[in-house]
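# Chain and residue survey
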Amino acid sequence: MTDDAAVPDLRASDADRERVAEVLRDALAEGRLDMAEFEERLEQTYRARTYGELTPITRDLPAPGVTPAVSLRKEPVPEGSWAGRIVGGEGTSTKAIAVMSGFQRRGRWVVPRRFTAFAFWGGGEIDLREADFAAGEVEINCVAIMGGVQIVVPPGVEVVIRGIGIMGGFDQRETGVPGEAGAPRVIVGGFAFWGGVGVERKPSRAARKQAKLERKAARGELGEGPGAAR
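Quick summary incoming for the structure in this document. (Residues numbered from 1 in each chain as written. Predicted model: local features only at pLDDT ≥ 70, side-chain atom pairs only at ≥ 80, totals over all residues. Heavy atoms only, no water.)

## Let's talk about the overall build of the chain
In terms of helices and strands, the chain carries 4 helices and 13 strands. Burial analysis of the chain (230 residues in total) assigns 38% to the buried set. In the chain, of all internal contacts separated by at least 6 residues, the share reaching a separation of at least 24 is 65%. Here the chain displays about 13700 Å² of accessible surface, and carbon together with sulfur accounts for 53% of that area. (Helix = DSSP H or I, 4+ residues; strand = E, 2+ residues; numbered from the N terminus. Buried < 20%, exposed > 50% of the residue type's maximum accessible area, 1.4 Å probe, protein only. Contact = heavy atoms within 4.5 Å. Areas by Shrake-Rupley, 256 points an atom, 1.4 Å probe, with all protein chains shown as cover.)

## Regarding the pattern of salt bridges
Applying the stated criterion to the full structure yields 16 salt bridges. Arginine 106 is the partner of glutamate 125 in a salt bridge, and the nearest nitrogen-oxygen pair spans 3.5 Å. You can see glutamate 125 sitting in strand β5 (residues 123–127) and its partner arginine 106 sitting in the loop between β2 (102–105) and β3 (110–111), a full 19 residues away along the chain. Relative accessible area serves as the criterion here: at 43%, arginine 106 is assigned to the partly exposed category. Here arginine 173 makes a salt bridge to aspartate 171, at a shortest N to O gap of 2.6 Å. Looking at aspartate 171, the relative accessible area reads 15%, which means it is buried. (Salt bridge = Lys/Arg side-chain N within 4 Å of Asp/Glu carboxyl O.)

## As for the environment of aspartate 9
You can see aspartate 9 is positioned in the segment before α1 (14–29). The exposed category is assigned to aspartate 9, whose relative accessible area is 68%. Along the sequence, aspartate 9 and glutamate 53 sit 44 residues apart, while their C-alpha atoms lie 8.7 Å from each other.

## Description of a nonpolar patch on the surface
Together, Ile97, Val99, Met100, Trp121, Met146, Ile164, Ile166, Met167, Phe191 and Trp194 line one region of the surface with nonpolar side chains, adding up to about 1100 Å² of accessible area. For the nonpolar patch, the elements supplying multiple residues, two or more each, are β1 (95–99) and β10 (164–166). Turning to its location among the elements, tryptophan 194 is positioned in the loop between β12 (185–193) and β13 (196–201). (Patch = residues over 30% accessible without salt bridge, like charges linked within 9 Å, V, L, I, M, F, W, Y side chains within 5 Å.)

## Quick look at the side chain of aspartate 16
Locating aspartate 16 in the fold gives a position in helix α1. Of note is the side chain of aspartate 16, whose polar atom sits 3.0 Å from the side chain of serine 13. (Polar contact = N/O pair within 3.5 Å; in protein donor to acceptor, adjacent residues only side chain to side chain.)

## Let's talk about the pairing of strand β4 (residues 114–120)
Burial along β4 is one-sided: the face carrying Phe115, Ala117 and Ala119 is buried and the face carrying Arg114, Thr116, Phe118 and Phe120 is not. Bridge count for β1 against β4 is 5 bridges, and the pairing is parallel. Paired with isoleucine 97 across the strands is phenylalanine 118, a residue of β4. In terms of strand pairing, β4 meets strand β7 (residues 137–145) through 7 bridges, oriented parallel. Its bridge partner lying in β7, phenylalanine 118 is registered against valine 143. (Pairing = 2+ DSSP bridges.)

## Focus on the sheet that holds strand β11 (residues 169–170)
On the basis of which strands lie adjacent, the open sheet formed by 5 strands has the order β2-β5-β8-β13-β11 and parallel pairing. Of all strands in the sheet, those with a lone pairing partner are β2 and β11, marking the two edges.

## Some details on the nonpolar core
Among the nonpolar cores identified, the biggest contains 30 residues, and Ile126, Leu128, Val149, Ile151 and Val188 are the most heavily contacted of them. Within the residue set of this core, elements represented by two or more residues are β1, β4, β7, β8 (148–153), β9 (158–161), β12 and β13. Of all the elements, β7 adds the most residues to this core, at 4 residues. When near neighbours in sequence (up to four residues on either side) are disregarded, isoleucine 126 contacts Phe103, Arg105, Trp109, Phe115, Ala117, Ile140, Val149, Gln150, Ile151 and Val152. Of all hydrophobic cores here, the second largest spans 15 residues; its members include Ala12, Leu42, Ala48 and Leu61. (Core = buried A, V, L, I, M, F, W, Y, C linked by side-chain atoms within 4.5 Å.)

## Examining the side chain of aspartate 132
As for its placement among the helices and strands, aspartate 132 is situated in strand β6 (residues 132–133). Exposure remark for aspartate 132: the relative accessible area of 13% places this residue in the buried category. Polar side-chain contacts of aspartate 132 include one of 3.2 Å to the side chain of arginine 108. Residues within four places of aspartate 132 in sequence aside, it is in contact with Gly84, Arg85, Val87, Arg108, Trp109, Val110 and Val111.

Any link to function would need more than the numbers given here.
Listed below in structure tokens is the structure:
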């Protein structure tokens, strides 16, 4: 952290705690920590008052940008797996604004750790079905004033709704649906005033196409069933 960290009884600063928190976020994104371990260590980080309390939290984790000096056989990431979609780094964009207009974030893009959406007399769509994620947990903060924001998530993603509606509403239907192992967690917060924030779960176009092909194969419509060309 700092040269002073060698003295365990010295008081740690907010900047020191943030540096430790960043190491934990990177470890979560890289799969070194699961969500429960990450949350436990993050809580310890913000409770820590001295370097002696901070140091053990990341003792078994590599420093940012440092590759551990061990020989590991790197296994390929299965195509389409969640591990391949949590990419770390920065997001493609961190905010979207619609004032008497609209916005879209869809297709292949990287969702940052924190994304802010603002809609005033307008609307926007945030589509995560083909997106990658900068971290295993991302937060989308929505402010909708006489407008609306629609968020589309793929199956398998855990969604947590923490927004507040004042003469408006936050869609709660997807809250409590458990996520798949390794899938990102999406926290939706903010507030809606005379507006709304909706969350819906839809498969991607590629997933729908694959499902259609599988149904055809099951019915023998790919040249293997009755009536196929001879």
